[in-house]
Amino acid sequence: MDTNNFVENVGVGEREGRIYSSIVQKRNFNLAHGVGRSGDLGEVQPKAAGSSLIYKLCNKLALDAIHTCGITRVKQSLVVPMATGMTMALFYLYLRQKRPNARFVVWTRIDQKTCLKAIQTAGYQPIVVQNKLDGDQIVTDLDAVQAAIESHGAETIACIVSTTSCFAPRACESVVEMAQFAKRYNVPHLINNAYGLQSSKICHLVNEAIRLGRVDAIVQSTDKNFMVPVGGAIIASPDASVIDEVGKNYAGRASGSPVLDLFITLLSMGKKGLQDLLTERKSMYSYLMEQLTPIAAKYGERLLHTPSNPISLALSMDNTAKACKKSPKEIGAILFHRCSSGVRIVDPKDVKEVCGIKFTSYGSHIDNFPTPYLNVAAAIGMTK
């Protein structure tokens, strides 16, 4: 249905879907025109009727998948052919038109570079709100969030950003309370839900945030939640007009590859397949916790108590590092070379500068965390 596949078509434009390599042609199923039109992701491209139809269907399937995961209060979603960070930046650029006098984004600390870079890319200044320690868990300092809003003035703030899925011992954000702040001060609220769709607990909290407060948009990764190659995200909202306007802020035509990957995957997976994967992931979290607890005890360590993080786990490394006479990072390198990928090692001594902001104990989401630790995640698709 795309014009580059019509035998009788005579293409005389600068972009006619010509593909030199037969391998590339097969890899893309002869779909070469991408999606969207002249800076509007949602607009149908006349040369690409087939790709446009796939995109419309994929957006509907993505919305149904979000509902299946548990966020039933969103009304519209858009599959964006950019990863999570750039999709967040796209939302911030949409806010430039809505709040032209705003200069700041209130951001509770999560030690992941992309979050800050997205704010900086859109030309905003981040107001970094430090978290607080509650037992082993790092939780939202709601008093500090409120103080940040009031001290800078709500009219100068483009939005509040809250983060649901993250590395333990950081807990899921207090998204309900953050949404209530957004409603009270009439400030937009973006939820970074990168891999939160796979947790029913997180999805319930997001639903409650929509019900009890203000949530303008929720961004989630396609690869982390639906097992497709990196390169896509889904932005969803309880207000369909927000998604329509965000789509109109995309500069140029967009790649159809991430859309096609997700479309094929969701059709292959089906609702029952997705539900089974979500159930299996939850059981893997319990299994991983059960297996790590005796291992930690054997080496004089412990599994940190982080009940408000339903995906990631943290294992202390203080005694192990001393016994091995190696730094925590060296132990991480050894694990990687022994084919254990995805393990994240955090040393509270680390100091890092990101976007001109200096962070101590970088990686632990808080200053002066008391112990080094390693992270593992019970993510969707993991098996025993």
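Provided above is the structure to which this section pertains.
Notes on the structure in this doc start here. (Residues numbered from 1 in each chain as written. Predicted model: local features only at pLDDT ≥ 70, side-chain atom pairs only at ≥ 80, totals over all residues. Heavy atoms only, no water.)

Looking at the pairing of strand β10 (residues 312–316)
Right, on to step 1. Burial runs high along β10: 5 of the 5 residues are buried.
Right, on to step 2. Judged by which residues are buried, β10 turns out to be covered on both faces: Ser312, Ala314 and Ser316 on one side and Leu313 and Leu315 on the other are all buried.
Right, on to step 3. In this structure, β10 lies alongside strand β14 (residues 373–377), joined through 5 bridges in antiparallel fashion. Bridged to alanine 314 within β14 is asparagine 375. (Buried < 20%, exposed > 50% of the residue type's maximum accessible area, 1.4 Å probe, protein only. Helix = DSSP H or I, 4+ residues; strand = E, 2+ residues; numbered from the N terminus. Pairing = 2+ DSSP bridges.)

Description of the pattern of salt bridges
Right, on to step 1. Overall, the coordinates contain 10 salt bridges when judged by the stated rule.
Right, on to step 2. For lysine 98, the salt bridge identified is with glutamate 245, shortest N-O distance 3.0 Å. Highlighted residues: lysine 98 in helix α3 (residues 84–98) and glutamate 245 in helix α9 (residues 240–247), separated in sequence by 147 residues.
Right, on to step 3. Overall, lysine 98 belongs to the partly exposed group, its relative accessible area being 45%.
Right, on to step 4. Between arginine 302 and aspartate 136 there is a salt bridge whose closest N-O contact spans 2.7 Å. (Salt bridge = Lys/Arg side-chain N within 4 Å of Asp/Glu carboxyl O.)

Some words on the sheet that holds β10
Right, on to step 1. Taken in spatial order, the 3 strands of this open sheet run β10-β14-β11, and their pairing is antiparallel. Each edge of the open sheet is held by one strand with a lone partner, namely β10 and β11 (344–346). The average angle at which neighbouring strand axes cross in this sheet is 25°, direction not considered.
Right, on to step 2. Packing of helix α10 (residues 257–298) onto the sheet brings it into contact with β10 and β14, and relative to β10 it is tilted by some 0°. (Axes fitted to C-alpha atoms, helices over the stretch in contact; angles between N-to-C directions. Contact = heavy atoms within 4.5 Å.)

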